[in-house]
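So the chains spell out like this:
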Amino acid sequence: MSAPDAPARPMTARAAGPLSGTAEVPGDKSVSHRALILGALAVGETRVTGLLEGQDVLDTAAAMRAFGAGVARLGPGEWRVHGVGTGGFAEPEDVIDCGNSGTGVRLIMGAMATTPIAATFTGDASLRRRPMGRVTEPLALFGARAWGRRGGRLPLTLVGAAEPVPVRYALPVPSAQVKSAVLLAGLNAPGETVVIEAEPTRDHTERMLAGFGAALRIETLPEGRAIALTGQPELAPQRVAVPRDPSSAAFPVAAALIVPGSAIRVPGVSRNPTRDGLYRTLVEMGADIAFETPREEGGEPVADLAVRFTGALRGVEVPPERAASMIDEYPVLAAVAAFAEGATVMRGIRELRVKESDRIDAMARGLEACGVAVEEGPDMLTVHGRGADGVPGGARVATRLDHRIAMSFLVLGMAARAPVGVDDAGPVATSFPGFADLLRGLGADLAEG
Ligand code: S3P
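Computed from a predicted structure; not experimentally measured.

Calculation rules
Within each chain, residue numbers correspond to sequence positions counted from 1 in written order. Local features in this predicted model are restricted to residues of pLDDT 70 or higher, and side-chain atom pairs are both shown and tallied only at a pLDDT of 80 or more, whereas totals for entire chains, interfaces and linings draw on every residue. Side-chain measures here rest on the full set of heavy atoms in the structure, leaving out hydrogens and waters. Each helix is a run of DSSP H or I of at least 4 residues and each strand a run of E of at least 2, with the numbering of both proceeding from the N terminus. Between the two quantities, the radius of gyration covers C-alpha atoms and the globule rule is 2.2 Å times the number of residues to the power 0.38. Burial classes: relative accessible area under 20% of the type maximum marks a residue as buried, over 50% as exposed, and values in between as partly exposed (1.4 Å probe, protein chains only). Throughout, a contact is declared for two residues whenever any of their heavy atoms are within 4.5 Å. Note on areas: these come from Shrake-Rupley sampling with a 1.4 Å probe, and a residue is covered only by the protein chains present in the view. Charge assignment: positive for Lys and Arg, negative for Asp and Glu; neither His nor the chain ends contribute. Think of each charge as sitting on NZ of Lys, CZ of Arg, CG of Asp or CD of Glu. Should DSSP find at least two bridges between two strands, the strands are regarded as paired. Note on geometry: axes are lines fitted to C-alpha atoms, helical ones only across the stretch in contact, with angles between N-to-C directions running from 0 to 180 degrees. Residues qualify for a patch when their relative accessible area is over 30% and they have no salt bridge, like charges being joined within 9 Å and the nonpolar side chains of Val, Leu, Ile, Met, Phe, Trp and Tyr within 5 Å. Salt bridge, as used here: a side-chain nitrogen of Lys or Arg that lies within 4 Å of a carboxyl oxygen of Asp or Glu. These descriptions rest on fixed angle ranges, namely under 35 degrees for roughly parallel, over 145 for roughly antiparallel, 65 to 115 for roughly perpendicular, and the rest for oblique. By the definition used in this description, the sense in which the near helix is turned from the far one sets the handedness, with an anticlockwise turn below a right angle giving left-handed and a clockwise turn giving right-handed. Only Asp, Glu, Lys and Arg are considered charged, only Ala, Val, Leu, Ile, Met, Phe, Trp, Tyr, Cys and Pro nonpolar, and every remaining residue, Gly among them, polar. One heavy atom within 4 Å of a molecule or strand makes the whole residue count as near it. Whenever a nitrogen or oxygen atom comes within 3.5 Å of another N or O atom, the pair is scored as a polar contact, on the condition that within protein one atom can donate a hydrogen and the other can accept it, and that pairs from neighbouring residues in sequence are kept only if both atoms are in side chains. Segmentation into domains, and thus their bounds, comes from an automatic or database assignment. For Phe, Tyr and Trp, rings pair up if their centres lie within 6.5 Å, where Trp contributes its six-membered ring, and each pair is then called stacked (planes under 30 degrees apart), edge-to-face (over 60) or tilted (otherwise). Defined here as a combined quantity, buried area equals the accessible surface (1.4 Å probe) lost by two parts on assembly, summed across both.

Undergrad: Explanation requested: the overall build of the protein in the structure shown.
TA: Each helix and strand in the protein was counted, giving 13 helices and 24 strands. Relative to its length of 449 residues, the protein is compact, with a C-alpha radius of gyration of 21 Å against a globular reference of 22 Å. Seen through its principal axes, the protein has C-alpha atoms that stretch 60 × 45 × 45 Å. Expressed as a percentage of its 449 residues, the buried residues of the protein come to 58%. Partitioning the contacts of the protein with sequence separation of at least 6, the portion at a separation of at least 24 is 76%. Carbon together with sulfur atoms contributes 51% to the accessible area of the protein, which is approximately 15600 Å² in total. Between the mean site of the 45 positive side-chain charges and the mean site of the 52 negative ones, the protein shows a separation of 2 Å.

Undergrad: Got a minute to help me understand the sheet that holds strand 12 (residues 216-221) in this structure?
TA: Strand pairs in the sheet, formed through backbone hydrogen bonds, run parallel or antiparallel to each other. Sheet architecture is open: four strands sit in the order 10-11-13-12, paired in mixed fashion. The open sheet is flanked by strand 10 (168-170) and strand 12, the only strands paired with a single partner. Ignoring which end each strand starts from, the neighbouring axes of this sheet average 15 degrees apart. By the bridge criterion, six bridges tie strand 11 (residues 192-197) to strand 13 (residues 224-230) in an arrangement that is antiparallel.

Undergrad: Before we go on, may I ask you to explain a positive patch on the surface in this structure?
TA: On the surface, a cluster of positive charge is contributed by R128, R129, R149 and R150. In this structure, R150 sits in the loop between strand 8 (145-149) and strand 9 (153-159). A residue is classified by how much of its surface remains accessible, and R150, at 80% relative accessible area, is exposed.

Undergrad: What exactly am I supposed to notice about the sheet that holds strand 17 (residues 300-308) here?
TA: The strand order 2-15-17-16 describes an open sheet built from four strands, whose pairing is mixed. Taken across any chain shown, the strands that pair with only one partner, and hence form the sheet edges, are strand 2 (20-22) and strand 16 (288-297). Recorded for the sheet is a direction-independent mean angle of 15 degrees between the axes of neighbouring strands. Pairing geometry for strand 16 and strand 17, over eight bridges, is antiparallel. By the bridge assignment for strand 17, E297 is matched with E300.

Undergrad: Mind showing me how you'd approach the packing of helix 8 (residues 246-258) against helix 12 (residues 403-413) here?
TA: Each pair of packed helices can be described by the angle between their axes along with the distance between the axes. It is the contact of helix 8 with helix 12, at a shortest axis distance of 9 Å, that shows an interaxial angle of 15 degrees. Between helix 8 and helix 12, the crossing angle belongs to the class labelled roughly parallel. Handedness of the helix 8/helix 12 crossing: right-handed. When helix 8 is examined against helix 12, the residues S247, F251, A254, A255 and I258 are found in contact with a partner set consisting of R404, M407, S408, V411 and L412. Tallied by class, the residues present in the contact of helix 8 with helix 12 amount to seven nonpolar, two polar and one charged.

Undergrad: For this particular structure, what's the right way to read the site of the ligand?
TA: Every residue lining the ligand is accounted for by K29, S30, R34, T103, S175, A176, Q177, R202, I327, D328 and K355. One of the side-chain nitrogen or oxygen atoms of S30 is found 2.7 Å away from an oxygen atom of the ligand. Starting from 380 Å² of accessible surface for the ligand in isolation, the protein chains cover 96%. For the shell around the ligand, the secondary-structure elements that each account for two or more residues are helix 1 (29-41) and helix 6 (176-186). Here the element with the most residues in the shell around the ligand is helix 1; it accounts for three residues. Across the shell around the ligand, the residue classes tally to two nonpolar, four polar and five charged. Domain assignment of the residues forming the shell around the ligand places at least three in each of domain 1 (3-27 + 246-448) and domain 2 (29-230).

Undergrad: How should I be thinking about the pattern of salt bridges in this particular structure?
TA: Taken as a whole, this structure holds 36 salt bridges when the rule is applied. For R225, the salt bridge goes to E206, with nearest N and O atoms at 2.9 Å. Remark: E206 occurs in helix 7 (residues 204-211) and R225 occurs in strand 13; sequence separation between them is 19 residues. Comparing R225 with E206, the two get one shared label, buried. Connected via shared salt-bridge partners are R130, R202, D328, E356, R359, D402 and R404.

Undergrad: Mind showing me how you'd approach unusual backbone geometry here?
TA: If a residue is not glycine, its phi is most likely negative; likewise, a peptide bond is most likely trans. Put simply, L154 and P155 share a cis peptide bond, and its omega is -5 degrees. Within the secondary structure layout, P155 lies in strand 9. In this model, Q232 sits at a positive phi of 55 degrees, which is unusual for a non-glycine residue. For Q232, the location among the structural elements is in the loop between strand 13 and strand 14 (239-241). The backbone phi angle of T293 is positive, close to 50 degrees, even though this residue is not glycine.

Undergrad: Explanation requested: the packing of aromatic side chains in the structure shown.
TA: The description of an aromatic ring pair rests on the distance of the ring centres and on the angle between the ring planes. For the coordinates displayed, the defined rule picks out four aromatic pairs. Between the aromatic rings of F251 and F435, the centroid separation amounts to 6.3 Å while the plane-to-plane angle is 90 degrees, which identifies the pairing as edge-to-face. Within this pair, whereas F251 is found in helix 8, its partner F435 is found in helix 13 (residues 435-442), the two being separated by 184 residues in sequence. Accessibility classification places F251 together with F435 in one group, the buried group.

Undergrad: Hey, could you run me through the domain arrangement of the protein in this one?
TA: How big an interface is tends to be stated in terms of the accessible area lost upon association of its parts. Per the domain assignment, the segments making up the protein are domain 1 (3-27 + 246-448) and domain 2 (29-230). Inter-centroid distance (C-alpha atoms) of domain 1 to domain 2 is 28 Å. Domain 1 puts 23 residues into the contact, and the matching count from domain 2 is 25 residues. Taken over both partners, the interface formed by domain 1 and domain 2 buries close to 2000 Å², and the fraction arising from carbon and sulfur atoms is 46%. For the pair domain 1 and domain 2, the number of links is three salt bridges. Its salt-bridge partner being E351, residue R134 comes within 2.8 Å of it at the nearest N-O pair. Linking domain 1 to domain 2 there are 14 residue pairs in polar contact (both at pLDDT 80 or more). Among the elements of the structure, strand 17 and helix 12 are those that each provide at least two residues to the side of domain 1 that touches domain 2.

As structure tokens, this is what we get:
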């Protein structure tokens with residue numbers, strides 16, 4: 001839910017002793033949204049454990065109720081979803097407010113686009129700035145119609161197709177949200193809907209659709225990876241165990257890599273290969289991260305991470321083809337890169353400009369304010385590392401309604417020479433409720449104000 005009047009919650013991180021202990025990070029945000037949406041489209045009762053109870057996912061839960069599904073919280077992370085079946089969504093009585101969540105709004109638009117109902121979507125000031133044309137354009141091919149503000153911005157009304165047709169769509173941008181919106185729309189179109197992605201993006205929708213019993217074929221074509229979905233399946237309700245979020249795990253992991261003497265464990269983190277780019281990059285930088293007891297949980301590979309400070313991180317060139325597998329992790333990588341020896345060069349990251357904030361600009365300005373030199377281009381960011389104890393800090397950074405910008409600078413402040421504050425840690429609750437307490441439990445010094 002968007003809360004434009006919520007008072008800002010400034011927070012400050014100061015260097016403290018080594019971090020130690022176990023960091024049980026929350027459930028995966030991408031998997032949590034999908035579990036609720038596919039649960040709502042199945043026939044019968046889906047049970048979810050480990051659901052992320054961040055505001056983004058709670059907004060998706062409220063939206064599924066508004067479309068007619070029964071959604072109930074049974075206990076911490078434990079939810080029941082009573083689905084209405086593909087094509088069974090009812091018309092919501094009021095505006096659907098997706099708060100801060102691009103994933104929520106884009107996936108839900110896809111899920112309703114082939115049902116003959118109308119819905120109006122909005123969100124907070126950050127979400128209302130983000131492009132929706134990337135979703136409404138392919139949804140129009142199914143026969144859905146959208147009226148939004150200039151540039152397809154929210155608030156936007158979508159009228160689902162009464163007689164949807166299947167679609168063959170090559171993604172013009174590497175986006176799992178767009179891919180997922182098209183696949184979810186394809187669920188209620190007769191025949192086969194095909195999405196082709198030139199660069200592989202996170203594959204949770206495909207995995208979960210298969211788990212719910214949809215017929216999917218995945219092929220490698222010269223143009224890329226093609227996912228063909230047979231429309232109008234009856235989805236069977238499932239038990240979904242949500243793994244812990246590698247994008248949230250990234251924050252305590254990064255903190256342990258830059259705070260001298262640290263050694264922490266982060267159990268049960270998803271090791272989905274479409275999400276592991278940050279971890280590959282950190283290992284290339286010289287980080288000491290062990291991936292212990294690899295196993296499968298809820299259709300996703302997971303492992304326990306054991307992370308140790310070495311003080312010997314080196315800057316690296318991050319290959320552009322890795323971008324999709326770590327798209328949410330560039331802000332925290334930039335914070336870690338400030339403590340490395342030499343430059344870390346990140347290219348092919350244009351998509352960061354249309355996230356919860358323009359993350360290239362937010363990181364560049366914040367790092368400069370903290371005494372770290374950067375070079376910025378339309379599609380790239382270079383961070384000139386200052387070594388393990390060389391980051392000055394001593395700034396208050398603008399969060400810009402972006403949870404990952406807030407968490408990245410708080411992590412940076414845990415090892416900088418002078419405290420680093422953010423003007424508003426409120427947005428952290430969209431993806432990582434309990435972030436500050438969890439980091440404090442490991443030994444970090446995080447104070448309100
Ligand atoms: C997500 C996809 C990514 C990512 C977002 C979650 C998803 O966005 O940034 O946090 O769950 O599908 P794009 O698909 O727009 O790259």
